[in-house]
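# Structural features, examined
Each chain, written out:
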Amino acid sequence: SSTSLWQAFRNAYRDQFFGKTAMLNCLWLNIFEESLARMPHQRLGIYLFENQPWEMAFIHAWRKAGHGELLGVAHSTTRFWDTRYFKDRRDQWSTNCASQMTWPDRVAVNGPAMNAQARNAGYPADHMVDVEALRYIHLLQDLVAARTKDVPRVLVSGEYSPTADEYLMTQFSQALDIEDPQILVTVRPHPAASGRPISLDPRLRLDEHESAFEALIAADATVCGALSTVAVESAWIGNRTLLIADPHVIMTSPAEGLNQVEFFLTPRELAQALRHVKRQDVTSSSTSVRVFCLDPKIPRWRGLVSPSIKTK
């Protein structure tokens, strides 16, 4: 195409080289280099792997200081289209030093789902290590439901993005306008929404459970956005999981393909689904087996951090 794309990235380009982001990157490079150079030799480094700019500076400084193996940890779920984790196969662990992309020595994968996605994306086997999904170990606990005995209860799980959150709540309110499904609805804002003003539909109320998992156990159905990782936990405990697809984002979910998970494009479709939400007992399912490595004794992690520990 002969179309100029300059207008699309002009501001970002100037910011990266001459603006606030350029200054921030300079700080990252210098602070990491100074800190890691002063640190005693480290056998192993573990960091949150999301391909953020600070990670590039950290990896560069770690290796310049001569430290040992560096392990990137994607702590939640991954999606095949997410370019934070999946790049062009010619760039991942390239042997061409002139254009080598900055990557950790190995990436921790937390279960069969992430392992399969990484292999399909071209991750070499020797650059992956299987570990327990620390964020989801709580899925192994006994499921004790604190559910109401009269009407079905629906939990609406808020979104990270204010724009996505507003879209989710608007679609849900419109579904209630179409038909009153005779359900009890509570809303649990995303942790990132702390400090943001909350304007609730008067038909809804804020969830008061201590943790998101307790809120899920108390619900019969869960409504969330199409990108939410809450959907995986919801499906695991047997909740009917209703995902509102947002046309402004890629419509996929880490829970896609799991039992009890449904996508909805319009408020009318959602209204029909809410009408059929029923009281049900909370149950443990086999979903987690297909998604995560779960073991409360975390032998894989213990073997990494303490290599003297013998694990089977």
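What you see is a predicted model, and the numbers here were worked out from it, not measured in a lab.

Of all 5 residues in strand β6 (residues 184–188), 4 are buried; the element is thus mostly enclosed. Looking at chain direction, strand β5 (residues 153–157) and β6 are connected through 5 bridges and run parallel. Bridge pairing in β6 links Ser-157 to Arg-188. Handedness of the β-α-β unit built from β5, helix α5 (residues 162–178) and β6 comes out right-handed.

This brings us to the packing of helix α1 (residues 6–18) against helix α2 (residues 20–38). It is the contact of α1 with α2, at a shortest axis distance of 4 Å, that shows an interaxial angle of 35°. Where α1 crosses over α2, the handedness of that crossing is right-handed. Every residue of α2 that contacts α1 at Asp-15, Gln-16, Phe-17 and Phe-18 is listed here: Lys-20, Thr-21, Ala-22 and Asn-25. Tallied by class, residues from the contact of α1 with α2 come to 3 nonpolar, 3 polar and 2 charged.

Another point: the sheet that holds β5. With parallel pairing, 6 strands are arranged side by side in an open sheet as β7-β6-β5-β8-β9-β10. At either end of the open sheet lies a strand with only one pairing partner, and these are β7 (205–206) and β10 (261–264). Contacts from helix α8 (residues 267–275) reach β5, β8 (221–225), β9 (240–244) and β10 within the one sheet, and its direction differs from that of β9 by about 170°.

A separate point is a nonpolar patch on the surface. Together, Leu-5, Trp-6, Phe-9, Tyr-13, Phe-17 and Phe-18 make up a nonpolar patch on the protein surface, roughly 690 Å² of accessible area in all. Take Trp-6: it is sitting in helix α1. Accessibility expressed as a relative area gives 31% for Trp-6, which makes it partly exposed.

What follows is about the environment of Tyr-167. Along the chain, Tyr-167 turns up in helix α5. Tyr-167 sits 137 residues away from Asn-30 along the chain, and the two C-alpha atoms are 41 Å apart. Discounting chain neighbours no more than four positions away, the residues touching Tyr-167 are Ile-244, Ala-245, Asp-246 and Pro-247.

Taken as a whole and assessed by the stated rule, the structure comprises 13 salt bridges. A salt bridge links Asp-207 to Arg-188; its shortest N-O distance comes to 2.8 Å. Placement of Asp-207 in the loop between β7 and α6 (212–217) and of Arg-188 in strand β6 is noted, with a sequence separation of 19 residues between them. Beyond isolated ion pairs, a larger network of salt bridges with shared partners links Glu-50, Asp-82 and Arg-84.

Reading the values: the criteria
Residues numbered from 1 in each chain as written. Predicted model: local features only at pLDDT ≥ 70, side-chain atom pairs only at ≥ 80, totals over all residues. Heavy atoms only, no water. Buried < 20%, exposed > 50% of the residue type's maximum accessible area, 1.4 Å probe, protein only. Helix = DSSP H or I, 4+ residues; strand = E, 2+ residues; numbered from the N terminus. Pairing = 2+ DSSP bridges. Right-handed = clockwise from strand over helix to strand, strands pointing away. Axes fitted to C-alpha atoms, helices over the stretch in contact; angles between N-to-C directions. Left-handed = near helix turned anticlockwise from the far one by under 90°. Contact = heavy atoms within 4.5 Å. Nonpolar A, V, L, I, M, F, W, Y, C, P; charged D, E, K, R; others polar. Patch = residues over 30% accessible without salt bridge, like charges linked within 9 Å, V, L, I, M, F, W, Y side chains within 5 Å. Areas by Shrake-Rupley, 256 points an atom, 1.4 Å probe, with all protein chains shown as cover. Salt bridge = Lys/Arg side-chain N within 4 Å of Asp/Glu carboxyl O.

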